[in-house]
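# Architecture at a glance
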There are 2 protein chains.
Amino acid sequence: MAKQTAANAATKVAILGFGTVGSSVAQLLRGQKFPGIELTHIYNRGVERKRTGATAKGLNSGIVWTENIQDILKSDVDVVIETIGGIDPIEGWLRKALSSGKHVVTANKQLIAYKGAGLAKLARENNRVLVYNAAVAGGVPVIPATLHGLQGDRITRLSGILNGTCNFMLSHMEQGAEYADVLKQAQAAGYAEADPTADVDGYDARAKLCILVRAAMQIGINPDEVPAQTIRNVSAVDFAYAKELGCTVRQIARAELRGGVLRARVAPMLVPKSSPIAWSHGTQNMVVTSGEFGGDVVFSGHGAGGNPTAVAIVSDLLAVVHGSNSVALPVKKKTVTGEFMAPHYLRFIVRDKPGIVSAISGALTKVGANIDSILQRPGYPKDALPFVVTTEPTLTSTVEAAVKAISKMNTMLEAPLCLQMLVDDDRAED
Amino acid sequence: MAKQTAANAATKVAILGFGTVGSSVAQLLRGQKFPGIELTHIYNRGVERKRTGATAKGLNSGIVWTENIQDILKSDVDVVIETIGGIDPIEGWLRKALSSGKHVVTANKQLIAYKGAGLAKLARENNRVLVYNAAVAGGVPVIPATLHGLQGDRITRLSGILNGTCNFMLSHMEQGAEYADVLKQAQAAGYAEADPTADVDGYDARAKLCILVRAAMQIGINPDEVPAQTIRNVSAVDFAYAKELGCTVRQIARAELRGGVLRARVAPMLVPKSSPIAWSHGTQNMVVTSGEFGGDVVFSGHGAGGNPTAVAIVSDLLAVVHGSNSVALPVKKKTVTGEFMAPHYLRFIVRDKPGIVSAISGALTKVGANIDSILQRPGYPKDALPFVVTTEPTLTSTVEAAVKAISKMNTMLEAPLCLQMLVDDDRAED
Ligand SMILES: NC(=O)c1ccc[n+]([C@@H]2O[C@H](COP(=O)([O-])OP(=O)(O)OC[C@H]3O[C@@H](n4cnc5c(N)ncnc54)[C@H](OP(=O)(O)O)[C@@H]3O)[C@@H](O)[C@H]2O)c1
Ligand SMILES: NC(=O)c1ccc[n+]([C@@H]2O[C@H](COP(=O)([O-])OP(=O)(O)OC[C@H]3O[C@@H](n4cnc5c(N)ncnc54)[C@H](OP(=O)(O)O)[C@@H]3O)[C@@H](O)[C@H]2O)c1
């Protein structure tokens, strides 16, 4: 499906809209991270302010910055990435882009929810690709996953948390705050707009639900057909009662195919605390699909933000350029080690005698491992006493050296158990 | 990338190995569910027993059943689906299939972990597709999701629960049982083999981890380089201590790129109860990827079983046949409704007077809605008293009719709040 270009010619890319998402895409494409892909044009109104702004830092000086959309539509770019938003005038521009042989990648949920079917038809007619994984759940690849990984199933139900703003607000209300206060908080944190209507009244989640229904259930659906119920009248008392019912309250978008009818709704709902849907906190998004054959699959992650959304867009771009089946599995080699810098859990079974703890801690100190805690639960026999030492982050081999020494102590009734503790240390890096 | 066949010619498919997974794939392909795809050959040793067995019920009578692998390799099938397992003799057979122009879909983790790079190279040389999403996490589409949806990110860390048998055993041990007992339970339930080595000693999860590292981090890695630690010596006492540390114990497969070195390990580890990794219960699989730009993404679902694994295989097959970018978004229409049959939560704020509850329950009874519970928390003022009624499953419009009547009662201080409760009712169906 990839556009045929001369061998080795770079794929030329334009970005429409240099805001939060558009500028993150440009930064992600910077440097030689994705060989064969070249960002050549950036379009925005009042573009000079963007070109000289902080978000343009480090971008290739050869990029054409323009505030005339014709400079893009009449150019020889291969792929147009649209990160402006809204239906008008975007729909017309993207129709022209597709008609003139450009692939389109967009993050625009309203456009795709209302006009996606027509745009997809136009793309097919022009043998071009239209992709919009970023339009639903931002950095959570639920659309590629359902399109490529679940197309063999028949998905009959899906439910999700598709609006991070509402989830942020409702998960804060769960701690006892009132609606008006968490709205102010969300606005201050930059999660909610001055006019929060699209989020709190469910229109944003509804557009995403319709796109998801189309991708996962293959059913065309107009957002206006789906009831959206506001979260404005949910109050702290509802969380207190929900708790008594073993539940919490979340804005849920759900659809279900039953008896030939598609039931769909966006509304604040009571969600059992035991349900995966309740796992989602803060601005996180979450989708649960239910397949006739494969059962429930859960997806979760960052539903918004410049960088996660840019990941979805660039992934789409790569799929357009390379064709998704030809993802080359490289043979890059790295040194491999089983060593982690991590806290460790050491469990000993001993015949209890004075001095054991000091002998063990001595062995740990000798290799340079620091003890974080020593635990001894009551109720076990003194002649086969289990107790536990946890260490501060230590290299696997270091801990193992100490364990080896300790296992030779004659009070040890069996080989100590040494387990890594999976706690978040610093980010991995390279 | 799809093999060019004459217009409208069906894609011919062979299945090698008619066991749990192979027979589920055949059943999933039955009927006209996937137009243009035809199951033409089934290979298995002692095939007669398979052809006449219960798992062959309903399959097309035109299918060629054979116990001679040459009947497949010399046939004109377009795609070979391999669900036998093991490296020998499968590797040789699949090399021949690729060389003779057949695409290959496989669920074989050992083969791909040890021989995947060579097979992928051969596939590329022959302009054929080799796909194996079913080899990792069964029905959870983590490979398509990372390949297609996260390729724009740089994944520096991943951790997962990749072996359902160990997760079943350890999540049962969490309830207080000992290792030997849960192993017997797992064997009785069909989750563990008579020889549980591959599962409990980590070799199964290790092969999957290597495949995942290759797909998500683009690093070639040999399973033998990765330490695997057994779960055999984890005992009930460790769960008691883990609990005191706010943790549980799970078999974790993890990899992390740091300072140019890939750290990788499969082992029982302590996992904080607050971590998404601890959400996974029973035989469920779970993967968390950490991207430099997109942050953490969580995937979870059924990691094994005939049907979930068959979904992954058939999804791969469809991607091979249609090319993943050309997934047609259909314009199928369904009647859409916002109505759900669900329990509802009704919250009222009233000026407290005798008879209110009976008036409300009367209004609900009148429309045919049954009350499930009435909740009144202490401590609220009598002149603005919130209380809650929950209903048994009732149609949205029915509940709303009652709410409308109730909202007119003059004791109501504000409009009642009516929320759907998201509890699992019967499966959706069509
Ligand atoms: N932000 C997220 O987390 C997220 C996540 C998923 C999807 N999306 C979608 O991504 C799109 C962009 O979102 P965003 O957050 O990046 O918005 P944004 O920060 O407001 O960026 C939009 C950019 O487009 C420009 N623009 C707006 N209207 C224009 C017009 N008529 N002509 C020319 N330029 C115009 C804006 O210029 P000015 O600076 O002059 O206003 C701005 O630079 C939207 O469709 C949104 O729904 C966003
Ligand atoms: N089961 C799962 O949940 C699952 C999940 C993910 C991936 N997988 C993978 O899928 C593959 C198949 O698993 P499975 O559970 O379906 O196994 P299975 O039930 O044992 O099926 C294997 C089939 O292959 C046949 N077979 C074995 N060796 C053969 C040989 N040398 N020549 C001809 N036929 C042979 C077997 O025939 P007999 O009946 O004569 O033994 C059997 O019908 C394995 O690679 C497995 O790792 C399985």
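Conventions and cut-offs
- Residues numbered from 1 in each chain as written.
- Chains lettered and ligands numbered in written order.
- Predicted model: local features only at pLDDT ≥ 70, side-chain atom pairs only at ≥ 80, totals over all residues.
- Heavy atoms only, no water.
- Helix = DSSP H or I, 4+ residues; strand = E, 2+ residues; numbered from the N terminus.
- Contact = heavy atoms within 4.5 Å.
- Least-squares fit on C-alpha atoms with pLDDT ≥ 70 in both.
- Near = heavy atom within 4 Å.
- Polar contact = N/O pair within 3.5 Å; in protein donor to acceptor, adjacent residues only side chain to side chain.
- Areas by Shrake-Rupley, 256 points an atom, 1.4 Å probe, with all protein chains shown as cover.
- Nonpolar A, V, L, I, M, F, W, Y, C, P; charged D, E, K, R; others polar.
- UniProt positions renumbered as here; feature names shortened; annotations may be inferred.
- Phe/Tyr/Trp six-rings, centres within 6.5 Å; stacked < 30°, edge-to-face > 60°.
- Buried < 20%, exposed > 50% of the residue type's maximum accessible area, 1.4 Å probe, protein only.
- Core = buried A, V, L, I, M, F, W, Y, C linked by side-chain atoms within 4.5 Å.
- Pairing = 2+ DSSP bridges.
- Axes fitted to C-alpha atoms, helices over the stretch in contact; angles between N-to-C directions.
- Parallel < 35°, antiparallel > 145°, perpendicular 65-115°, else oblique.
- Left-handed = near helix turned anticlockwise from the far one by under 90°.
- Salt bridge = Lys/Arg side-chain N within 4 Å of Asp/Glu carboxyl O.
- Domains from an automatic or database assignment.
- Buried area = accessible area lost by both parts, 1.4 Å probe.

## Comments concerning the side chain of B:S235
- The residue B:S235 is located in the loop between α10 (203-217) and α11 (236-244) in this model.
- Contacts of B:S235, omitting those with residues within four sequence positions, involve A:R347, B:M173 and B:E178.

## Quick notes on the relation of the copies chain B and chain A
- Superposition record for chain B on chain A: RMSD 0.0 Å, screw rotation 180 degrees, translation along axis 0.0 Å. Here the transformation between the copies is reduced to the relation of a two-fold axis.
- A shared interface surface links the copies, since 100% of the contact residues of chain B are contact residues in chain A too.

## Concerning the site of ligand 2
Residue and element names in this part refer to chain B.
- The immediate surroundings of ligand 2 are formed by 20 residues, with V21, N44, R49, K50 and G305 found nearest.
- Within the side chain of R49, a nitrogen or oxygen atom sits 2.8 Å from an oxygen atom of ligand 2.
- In the complex, 74% of the free accessible area of ligand 2, which totals 890 Å², lies under the protein chains.
- For the shell around ligand 2, the secondary structure elements donating two or more residues are α1 (20-29) and α2 (47-51).
- Classifying every residue of the shell around ligand 2 by side-chain character gives 7 nonpolar, 9 polar and 4 charged.

## Notes on the UniProt feature "domain: ACT" (unreviewed entry) in chain A
- With numbering matched to this structure, UniProt assigns "domain: ACT" (unreviewed entry) to residues 345-420 of chain A.
- Counting secondary structure, residues 345-420 of chain A comes out at 32% helix and 32% strand; the distance between its end C-alpha atoms is 6 Å.

## Observations regarding the packing of aromatic side chains
Residue and element names in this part refer to chain B.
- Evaluated as defined, the whole model comprises 9 aromatic pairs over all chains.
- Seen in terms of ring centroids, Y43 and W93 are 5.4 Å apart; in terms of plane orientation they differ by 85 degrees. Their pairing is edge-to-face. Residue Y43 is found in strand β2 (residues 37-43), and its partner W93 is found in helix α4 (residues 90-99); the two are separated by 50 residues along the sequence.
- A residue is classified by how much of its surface remains accessible, and Y43, at 8% relative accessible area, is buried.
- Judged by relative accessible area, W93 falls into the buried class, the value being 17%.

## Overview of the site of ligand 1
Residues and elements named next belong to chain A.
- Neighbouring residues of ligand 1: 20 residues in total, closest V21, N44, R49, K50 and G305.
- Within the side chain of Y43, one N or O atom sits 3.3 Å away from a nitrogen atom of ligand 1.
- Contact with the protein chains hides 74% of the accessible area of ligand 1, taken as 900 Å² for the molecule alone.
- Breaking the shell around ligand 1 down by element, the ones donating at least two residues are α1 (20-29) and α2 (47-51).
- Residues of the shell around ligand 1, tallied by class, amount to 7 nonpolar, 9 polar and 4 charged.

## Regarding the nonpolar core
- Core analysis: the largest hydrophobic core is formed by 184 residues, its most contacted members being A:L209, A:L262, B:L209 and B:L262.
- Setting aside its immediate chain neighbours within four residues, A:L209 contacts A:L158, A:L162, A:V226, A:A253, A:R254, A:A255, A:A264, A:R265 and A:V266.

## Quick look at the sheet that holds strand β1 (residues 11-16) of chain B
All names here are of chain B.
- A sheet is described by the order of its strands in space; here 6 strands give the open sequence β3-β2-β1-β4-β5-β6, paired in parallel fashion. Edge strands, defined here as strands with exactly one partner in the open sheet, are β3 (64-66) and β6 (130-131).
- Packing against the sheet, α4 makes contact with β1, β2, β4 (79-82) and β5 (103-106), and its axis sits at approximately 165 degrees to β4.

## Quick notes on the packing of α4(B) against helix α5 (residues 109-125) of chain B
All names here are of chain B.
- Orientation of α4 relative to α5, taken along the N-to-C sense of each, is 20 degrees, at an axis distance of 10 Å. Between α4 and α5, the angle falls in the class roughly parallel. When the axes of α4 and α5 are compared, the crossing they make is right-handed. Two secondary-structure elements touch here, α4 through I90, E91, L94, R95, L98 and S99 and α5 through L111, K115, G118, L119, L122 and A123.

## So, α1(A)
Residue and element names in this part refer to chain A.
- For α1, the buried fraction is high: 8 of the 10 residues fall into the buried class.
- Where α1 is buried, its residues contact β1 (11-16), β2 (37-43), β4 (79-82) and α12 (306-322).
- The positive-phi residue at the C-terminal boundary of α1 is G31, with phi of around 75 degrees.

## Some words on the pattern of salt bridges
- Per the counting criterion, the structure on display carries 36 salt bridges over all chains.
- Close ionic contact of B:R154 with B:E292 constitutes a salt bridge, the shortest N to O distance being 2.6 Å. Here B:E292 lies in the loop between β10 (284-291) and β11 (295-302) and B:R154 lies in the loop between α6 (142-149) and β7 (155-161), a separation of 138 residues in the sequence.
- Since its relative accessible area comes to 30%, B:R154 is described here as partly exposed.
- Bridged by salt links that share partners, the residues A:R157, A:R254, A:E256 and A:R258 form one connected network.

## Here we look at the pairing of β10(B)
All names here are of chain B.
- The buried count for β10 comes to 7 of 8 residues, which makes it a mostly enclosed element.
- Bridging between β7 and β10 involves 6 bridges; their strand directions are antiparallel. Looking at the pairing, R157 lines up with S290 of β10.
- With 8 bridges joining them, β10 and β11 adopt antiparallel strand pairing. Its bridge partner being in β11, S290 is matched across the sheet by D296.
- Between β10 and the antiparallel strand that follows it, β11, lie 3 residues.

## A closer look at the environment of A:F18
Residues and elements named next belong to chain A.
- Considering the arrangement of structural elements, one finds F18 in the loop between β1 and α1.
- The class of F18 is buried, set by a relative accessible area of 1%.
- A sequence separation of 26 residues divides F18 from N44, and the C-alpha atoms of the two residues are 6.0 Å apart.

## Side note on the domain arrangement of chain A
Residue and element names in this part refer to chain A.
- Structurally, chain A comprises domain 1 (11-131), domain 2 (142-302) and domain 3 (341-428).
- Its C-alpha centre places domain 1 at a distance of 29 Å from the equivalent point of domain 2.
- Between domain 1 and domain 2, the contact holds 6 residues from the first and 12 residues from the second.
- Here domain 1 and domain 2 share an interface that buries about 670 Å² over both sides, 63% of which is from carbon and sulfur atoms.
- On the domain 1 side of the contact with domain 2, K109, A113 and Y114 bury the most area, a combined 67% of that side's loss.
- Here D204 makes a salt bridge to K109, at a shortest N to O gap of 3.3 Å.
- A breakdown of the residues in the side of domain 1 that touches domain 2 according to their chemical character gives 4 nonpolar, 1 polar and 1 charged.

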